[in-house]
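The residues making up each chain are set out below.
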Amino acid sequence: SAIFNFQSLLLVVLLLICTCTYVRAQAPSLIDRNKTGLLGLLWKASRVGERLSPYVSLACIIMGVTIMIS
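These remarks concern the structure in this document. Only a predicted model underlies this, so the values are computations on that prediction, with no experimental measurement involved. (Residues numbered from 1 in each chain as written. Predicted model: local features only at pLDDT ≥ 70, side-chain atom pairs only at ≥ 80, totals over all residues. Heavy atoms only, no water.)

1. Points about the environment of L58
Then, number 1: With respect to the helices, strands and loops of the structure, L58 is situated in helix α4 (residues 53–69).
Then, number 2: The sequence separation of L58 and R47 amounts to 11 residues, and the corresponding C-alpha distance is 17 Å. (Helix = DSSP H or I, 4+ residues; strand = E, 2+ residues; numbered from the N terminus.)

2. Overview of helix α1 (residues 6–26)
Then, number 1: The end-to-end C-alpha distance of α1, which contains 21 residues, comes to 30 Å, matching closely the 30 Å that a straight helix rising 1.5 Å per residue would cover.
Then, number 2: For α1, the set of buried residues is L14, I17, C20, T21 and R24. Taken down its axis, α1 places every buried residue within 130° of arc, on the same side. Away from its buried face, by an angle of more than 90 degrees, α1 presents the exposed residues Y22 and Q26.
Then, number 3: As for α1, its buried residues are in contact with α2 (28–32), α3 (40–51) and α4. (Expected span 1.5 Å × (residues − 1). Buried < 20%, exposed > 50% of the residue type's maximum accessible area, 1.4 Å probe, protein only. Arc of directions from axis to C-beta. Contact = heavy atoms within 4.5 Å.)

3. Topic: the state of the cysteines
Then, number 1: For the structure shown, the criterion picks out 0 disulfides.
Then, number 2: Looking at C18, it has no disulfide partner, and the nearest cysteine sulfur is the one in C60, 3.5 Å off.
Then, number 3: Owing to a relative accessible area of 30%, C18 belongs among the partly exposed residues under this scheme. (Disulfide = S-S within 2.5 Å.)

4. Things to note about the side chain of S46
Then, number 1: With respect to the secondary-structure elements, S46 resides in helix α3.
Then, number 2: Beyond its immediate chain neighbours, meaning those up to four positions away, S46 contacts C20, T21, R24 and I31.

5. Focus on the environment of V65
Then, number 1: Structurally, the position occupied by V65 is in helix α4.
Then, number 2: For the pair V65 and R47, spaced 18 residues apart in sequence, the C-alpha separation works out to 25 Å.

6. Overview of the pattern of salt bridges
Then, number 1: Summed over the entire model, instances satisfying the criterion amount to 3 salt bridges.
Then, number 2: Between R24 and D32 there is a salt bridge, with the nearest N and O atoms lying 2.8 Å from each other.
Then, number 3: The class of R24 is buried, set by a relative accessible area of 16%.
Then, number 4: As a salt-bridge pair, E50 and R24 come within 2.5 Å of each other at their nearest N and O atoms. With E50 in helix α3 and R24 in helix α1, the pair connects residues that are 26 residues apart, well separated along the chain.
Then, number 5: Taking the relative accessible area as the measure of exposure, E50 reaches 32% and is therefore partly exposed.
Then, number 6: A cluster of three or more residues bridged by salt bridges with shared partners is formed by R24, D32, R47 and E50. (Salt bridge = Lys/Arg side-chain N within 4 Å of Asp/Glu carboxyl O.)

The structure is reproduced here in structure tokens:
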């Protein structure tokens with residue numbers, strides 16, 4: 001389960017950030033209309049992906065390499 005394994009939890013968070021950023025780039029109205037509540041987490045994840053994109057992409061590359069090695 002991804003909750004108990006830190007590497008899996010980090011992978012899920014990275015995939016969530018990347019997916020939300022991609023969806024917001026393709027259809028901004030889907031993400032932008034829900035800025036509060038539970039769906040507000042998707043908006044926040046897309047903002048993190050936009051503002052910290054070099055760091056997020058570096059983290060994705062590092063995660064991919066560690067998964068391929070292990």
